[in-house]
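# Overview (structure and organization)
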Amino acid sequence: MSLSRRIILSAADNVLIRSIAVRYGLRLGASRFVAGTTIEDALRVARELNSKGLVVTMDLLGESVSNRDEALAAREEILKILPAVEREGIDSGLSIKLTQLGLDIDGEFCLDNVDRIVRQAKELGNFVRIDMEDSPRVQATIDIFRELHDRYGDHVGLAVQSYLYRTMDDVIELGPRKANLRIVKGAYSEPPEVAYQSKRDVDEEFCRIVEKHLELGGYAAVATHDRKIIDFTKRLVQERGIPHDQFEFQMLYGISRGLQEELVSEGYKVRVYLPFGSHWYPYFTRRLAERPANLFFVLRNLLRY
Ligand SMILES: Cc1cc2nc3c(=O)[nH]c(=O)nc-3n(C[C@H](O)[C@H](O)[C@H](O)COP(=O)(O)OP(=O)(O)OC[C@H]3O[C@@H](n4cnc5c(N)ncnc54)[C@H](O)[C@@H]3O)c2cc1C
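In this report, we go over the structure that sits alongside the text. Note that this is a predicted model, so its numbers are computed, not measured.

Conventions we followed
Residues numbered from 1 in each chain as written. Predicted model: local features only at pLDDT ≥ 70, side-chain atom pairs only at ≥ 80, totals over all residues. Helix = DSSP H or I, 4+ residues; strand = E, 2+ residues; numbered from the N terminus. Buried ≥ 20, exposed ≤ 12 C-beta atoms within 10 Å, placed from the backbone. Contact = placed C-beta atoms within 7 Å. Core = buried A, V, L, I, M, F, W, Y, C linked by C-beta atoms within 7 Å. Near = placed C-beta within 6 Å. Nonpolar A, V, L, I, M, F, W, Y, C, P; charged D, E, K, R; others polar. Right-handed = clockwise from strand over helix to strand, strands pointing away. Pairing = 2+ DSSP bridges. Axes fitted to C-alpha atoms, helices over the stretch in contact; angles between N-to-C directions. Parallel < 35°, antiparallel > 145°, perpendicular 65-115°, else oblique. Left-handed = near helix turned anticlockwise from the far one by under 90°.

Across its full length, the protein holds 13 helices and eight strands. The 305 residues of the protein split such that 40% are buried. Nonlocal contacts in the protein, meaning residues at least 24 apart in sequence, comprise 72% of its contacts between residues at least 6 apart.

Before going further, it helps to examine the nonpolar core. With 72 residues, the main nonpolar core has Val 114, Ile 183 and Leu 274 as its most contacted residues. When near neighbours in sequence (up to four residues on either side) are disregarded, Val 114 contacts Ile 96, Leu 98, Leu 101, Ile 144 and Leu 148.

The subject of this paragraph is the site of the ligand. Around the ligand, 25 residues are found, and the nearest of them are Asp 131, Ala 159, Ala 187, Thr 224 and His 225. For the shell around the ligand, the secondary structure elements donating two or more residues are β4 (156-161), β5 (180-184), β7 (247-252) and α12 (281-290). With three residues, β7 is the largest single contributor of residues to the shell around the ligand. When grouped by side-chain class, the residues that make up the shell around the ligand number 10 nonpolar, seven polar and eight charged.

With that settled, consider the pairing of strand β6 (residues 219-223). The buried fraction of β6 is high, at four of five residues. In terms of handedness, the path from β5 via helix α9 (residues 199-215) over to β6 forms a crossover that is right-handed. The pairing of β6 with β7 spans four bridges and is classified as parallel. In the strand pairing of β7, Ala 223 is matched with Gln 250. Each parallel crossover has a hand, and for β6 linked through helix α10 (residues 227-240) to β7 it is right-handed.

Turning our attention to the environment of Ala 71. Checked against the element boundaries, Ala 71 lands in helix α4 (residues 68-78). Sequence separation between Ala 71 and Leu 98 is 27 residues; the distance between their C-alpha atoms is 9.5 Å. Beyond its immediate sequence surroundings of up to four residues, Ala 71 is in contact with Val 65, Leu 101, Gly 102, Ile 105 and Asn 113.

Look at Ser 64: it is not a glycine, yet its phi comes out positive at around 50 degrees. Here Lys 178, not a glycine, exhibits a phi torsion of approximately 45 degrees, which is positive. Relative to the helices and strands, Lys 178 resides in the loop between α8 (167-174) and β5. Taking the C-beta count within 10 Å as the criterion, Lys 178 has 14 such neighbours and is therefore assigned partly exposed.

Working definition: the strands of a sheet are paired by backbone hydrogen bonds and lie parallel or antiparallel to each other. Taking strand neighbours around the barrel as the criterion, the eight strands line up as β1-β2-β3-β4-β5-β6-β7-β8 in a closed arrangement whose pairing is parallel. Strand-to-strand, the axes of this sheet are offset by a mean angle of 30 degrees, without reference to chain direction. The pairing of strand β3 (residues 128-130) with β4 spans three bridges and is parallel. From the neighbouring strand, Val 128 faces β4, where its bridge partner is Val 156. Lying over the sheet, helix α3 (residues 39-51) contacts β1 (55-60), β2 (92-96) and β8 (270-276), oriented at roughly 165 degrees with respect to β8.

Here α9 crosses α10 at 25 degrees, and the two axes come no closer than 11 Å. Taken as axis vectors, α9 and α10 run roughly parallel relative to one another. Crossing hand, α9 versus α10: right-handed. Residues Asp 203, Phe 206, Cys 207, Val 210 and Glu 211 of α9 form the contact with α10, whose own contacting residues are Lys 228, Ile 229, Phe 232, Thr 233 and Leu 236. Across the contact of α9 with α10, the residue classes tally to six nonpolar, one polar and three charged.

Given below as C-alpha cells:
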C-alpha cells in the first residue's frame, strides 16, 4: 500500500475532517461516486445506466454498526431495495456489507439478517453479493457465504481480494461450488503480514485468481478499472473459449465511465456498483485514497464555495 494511500485513510479518521466532510462532502465531490442519499436517487441513476446498456448492483452505504437496532434498521432498509428494483423494471442486483448487518456484534445474528435478504432475493429471482471487508473479517465472511450458498445456491455471491495472500487458497477451496465470485484488488489498509504491498504483486495475483477461478468453472465478476487486467481477461476468455455467460466486468459508479461504455459496445456485460445512502463517508475516503489526484477535484470544488 502506498504512503499517500495510508495517509489519506488515516487522515479520514480524524474527527474534525470527518465532521466537515460529512457536512459538505456531497457538494464537495462525493456525489461523483455516490448516487445520492435516497433509494429514489439510486433508482433514477440505475435507470440512466440501464439505458446505456450497463447493469447495476445497488449498495445501501453503511458499515461497522455497533448495536443490534442499527443492524436491524439497515436490514429493513436493504429489504426495500430489490422489491423497488423489480417494481421499476430495473436491471440490478444487490451488494451488502456484513458489518452493516451485525457481523461485529454476533455472527449468528448477522447470518439471520443476511439470510432474510438472500431469501428475498431468491423469491424475486435476483442476486445478493457479499462485499469483502478488512482482513480480520475475511474468515467470518467466507463462513457466512458458505452457509448461505448451501441454502440458496447461486442467489448469493462473494467478493475476494487479490491483495491477500490467502485468497488463492480460498478460491481453490470454494472451487467445487462453481460460485459467483467478484474479484477485486482490495480497498483497505492491510499490513505485509497478510497482504501484498506492491501494485505489481497485487495485479499479478489478480490475473492468476481470475484464471484459476474460471478454470475451476466458476462465474467471474472481474471488478477493476485497470485496463491491463481487463485486456488480460479478454485474451484469456478468447483463448480458452470461455462463454460470455461465465464472466462479467464490474466497475464503480463515477469511475472510468468511458471504459464502461467501450466494453458494452464491444458486447461485454458490464455491471456498475452503485452506492447510495447517507453513510457515504468511509466509501468516499477509500475512493480518494485509491487515487490521490481525486483530492484535487475535491479542493477545486471547495474553492467554488
Ligand atoms: C465493482 C467493484 C466492487 C468492489 N468491491 C470491493 C469489495 O467488496 N471489497 C474491497 O476491498 N474492495 C472492493 N472494490 C475496490 C477495489 O478493491 C479497488 O480498491 C478499486 O477497484 C481500485 O482498484 P482498481 O482495480 O481499479 O485498480 P487500480 O490499480 O487502483 O486503478 C487502475 C486505474 O483505475 C482508475 N481508478 C481506480 N480507482 C480510481 C478512483 N478511486 N478514482 C478515479 N480513478 C480510479 C485509474 O485510472 C487507475 O489508474 C470494488 C471495486 C469494484 C470495481
